[in-house]
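Observations on chain architecture
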Amino acid sequence: MKRILPLKRFLCLTLILSVSACFIATTVSAADSAVKPVPRNDKWWKDRQALLNKRVADAQGHVDMLLIGDSITHGWEGNGKKVWDEYYAPRNAVNLGIGGDRTQHVLWRLDNGNLEGISPKLAMIMIGTNNSGSNTSEEIAAGVKAIVEKLRKKLPKTKILVLGIFPRGTDDSDHLRQVNMKANEIIAKLADSDMVTYLDIGDKFLTKDRVLTKEVMPDLLHLTPDSYKIWAEAVEPEVAKVMGPLQKKQHSAVKPVPRKEKKGWMDRHESMNKRVAQGNVDMLLIGDSITHGWEGGGKKVWDEYYAPRNAVNLGIGGDRTQHVIWRLDNGNIEGISPKLAMLMIGTNNSRDNTPEEIADGVQTIVEKLRKKLPKTKVLILGIFPRGTDDSDARRQVNMKANKIIAKLADSDMVRYLDIGDKFLTKDRVLTKKVMPDLLHLTPDSYKIWAEAVEPAVAEVMGPLKKKVVPTEKCPADDTGFVPLFDGKALDGWRKAGGGATYSVDDGCIVGKVGPGSNTFLCTEKDYGDFILKVDVKFDVPGNSGIQIRSHERKKDGRVFGYQCEIDPSKRAWSGGIYDEARRGWLYNLEHNEKGRKALKLNDWNQFVIKCQGPSIKTWINGVPCADLTDNMDADGFIALQVHSGKQGQIRWKNIRIKELGKDK
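Here we take up the overall build of the protein. The helix and strand tally for the protein stands at 16 helices and 25 strands. If you line up the protein on its principal axes, its C-alpha atoms span 120 × 90 × 50 Å. Counting only contacts in the protein whose residues sit at least 6 apart along the sequence, the fraction spanning at least 24 positions is 74%. Only carbon and sulfur atoms are counted for the fraction: they give 53% of the accessible area of the protein, which is about 31,900 Å². Of the charged side chains in the protein, 103 are positive and 86 negative, and the gap between their average positions amounts to 2 Å.

As structure tokens, then:
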């Protein structure tokens, strides 16, 4: 006999099942929503969709790039228009962004005319942030994946650049940002190393603490004009791989021209070409009248800082960026490969060109230098201040240009340095004591310039060589010294580098050449400020040295750092300072004849090395040899070097050190 449920229980069960079914249907619908193509019913949306289809149709197949997304992409026609005109209009790009769109709406659009009759080189996608309020991270990623698959099917020859969803909200605690970040982790896996590339540029919009400020996105979602510039610059390397380098508009600041109307300009240009043709050029200073002035008010400082570095002055009064560009194509850098080029140009453009155009001109110069002088490092100086204070119109132009120029630095071959504040008072006033006409420098101001850039210059060129031969007397007091070697064992020392051998014989450490690279016997302790005394004698002459404030690279065990040279060759630079495995010679004995004669080849020699702060001084047998000022290293280990070679055996004894306190 069948059991019949009471009506009340039947109705309750039916209601529960109905609700459950609805819940299941809703869940499935939500899960599918990001991948199921649907249009939006708003009239303006339909009008926008029709407009995009018309753009594609009107292009008659001449669409080389697509930008696909929501209101952030749509915004290229608003806040981003100026940047669009610079980066994407020249590339025949079409904007397929509609404000408020989600992945499902983009999917529908791609099936309904947005891709009709075109075969672009590149499609850049940034979509999904509008899904984050109703979809999970996995669902959003599925929607992006569906878009990529549709593009690959409909546009098989088009490469795809998928951007990570941009950050939103104040910081990483924002719920919607968290959803997007997790979605990005999944979306990143769409990259296939061939037709699909993934790039997350979100960090470009954040502070170091990952905070999104209203200066970048006023509503913590949509971009300012400057933020569109950040976007374009961040993706440009990837875009350029597919689309080719960006072709700059030929405005006046980038169009190479000579100044034939200016009497004497061509003569000056030709004289610089003749100097360059003579060779022996290790450094260039490139610019206008302010650089030209190194030969006038700046001559004394030039003779001290740049003449010893084989520098050539490529400054011509009145020049603008376009004139420098022309000069670089017409002999100014022909047949040379200097170590460093210091560039300061653009102030003469500030009347007729915008900050962006001036920056374009500087960028063109830098690109030309990098192309023609690939081994030369470039130091770009911010355009110097002019006018009385920051209210000066042309100073304002230069300051805005500097902000753009600063971005040319690449942390490798190109460095940017703004020393403008060195010429100003605390209130940012430029006085006539510094620049009499509020533009050109006095002799003292050239000294300010040289001293301000010296650390950056020294990194490439090495420390400034002093013309004066050192004369300071050797420290004679032996009190306070402690031995580093007891004459019996190598306790407290370790070997690094090649195959030379170190042994103890008759109270001496004996180093003998062996196979492989340079070899070092290093102290296990580091030392900072000290006086070191060592007695040295050759059994068999061979290159050697005493490392001070040195270090060892973790990746390959290579010892590097300051070395007091022990040089038995005819060159006789013993006591000079060499930067082992890094910058080379920092202080040789080319002009120190007494120092060159101090070493006795067949006898014991006392080497004394004093390191205090940035100062390093050496003596051999009481004769002053080197006097170097350098800030690269403040401490490190001491080591006895045996240079690689066919022969060489050297002895060290009486190795003792006196550490100097900071108050010494």
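Here the narrative resumes, following the displayed structure.
What follows concerns helix α14 (residues 393-405). For α14, which comprises 13 residues, the first-to-last C-alpha distance of 18 Å matches the rise-based estimate of 18 Å (1.5 Å per residue) to within 8%. Where α14 is buried, its residues meet α13 (355-372), β9 (377-381) and β10 (414-417). You can read the cap of α14 off the contacts: a side-chain oxygen lies 3.1 Å from the backbone nitrogen of Arg394, and it is on Asp392.

Sheet analysis places strand β16 (residues 530-540) next to strand β21 (residues 605-612), joined by 7 bridges and oriented antiparallel. The residue of β21 that forms the bridge with Val534 is Phe607.

This brings us to the side chain of Asp529. Mapped onto the elements of the fold, Asp529 is located in the loop between β15 (519-527) and β16. Owing to a relative accessible area of 11%, Asp529 belongs among the buried residues under this scheme. Among the polar contacts listed, one links the side chain of Asp529 to the side chain of Arg549, at a separation of 2.8 Å.

This brings us to the sheet that holds strand β1 (residues 65-69). Read from one edge of the open sheet, 5 strands run β2-β1-β3-β4-β5, paired in parallel fashion. Two strands close off the open sheet at either side, each with one partner strand: β2 (93-97) and β5 (196-199). With strand direction ignored, the average angle separating the axes of adjacent strands in the sheet is 15°. Pairing between strand β4 (residues 159-163) and β5: 4 bridges, direction parallel. Across the sheet, Ile160 pairs through a bridge with Val196, a residue of β5. Contacts from helix α6 (residues 137-154) reach β1, β3 (122-126), β4 and β5 within the one sheet, and its direction differs from that of β4 by about 165°. Sheet strands touched by helix α8 (residues 225-243): β1, β3, β4 and β5. Its angle to β4, the strand with the most contacts, is close to 160°.

Looking now at the packing of aromatic side chains. Considering all chains together, one arrives at 24 aromatic pairs under this definition. A ring pair is formed by Trp76 and Trp84, whose centres lie 6.1 Å apart and whose planes are at 55°; its orientation type is tilted. A relative accessible area of 0% places Trp76 in the buried class. Pairing Tyr305 with Tyr306 gives two aromatic rings, centres 6.1 Å apart and planes at 45°, and the pair type is tilted.

What counts as what
- Residues numbered from 1 in each chain as written.
- Predicted model: local features only at pLDDT ≥ 70, side-chain atom pairs only at ≥ 80, totals over all residues.
- Heavy atoms only, no water.
- Helix = DSSP H or I, 4+ residues; strand = E, 2+ residues; numbered from the N terminus.
- Contact = heavy atoms within 4.5 Å.
- Areas by Shrake-Rupley, 256 points an atom, 1.4 Å probe, with all protein chains shown as cover.
- Lys, Arg positive; Asp, Glu negative; His and termini not counted.
- Charge placed at Lys NZ, Arg CZ, Asp CG, Glu CD.
- Expected span 1.5 Å × (residues − 1).
- Polar contact = N/O pair within 3.5 Å; in protein donor to acceptor, adjacent residues only side chain to side chain.
- Pairing = 2+ DSSP bridges.
- Buried < 20%, exposed > 50% of the residue type's maximum accessible area, 1.4 Å probe, protein only.
- Axes fitted to C-alpha atoms, helices over the stretch in contact; angles between N-to-C directions.
- Phe/Tyr/Trp six-rings, centres within 6.5 Å; stacked < 30°, edge-to-face > 60°.

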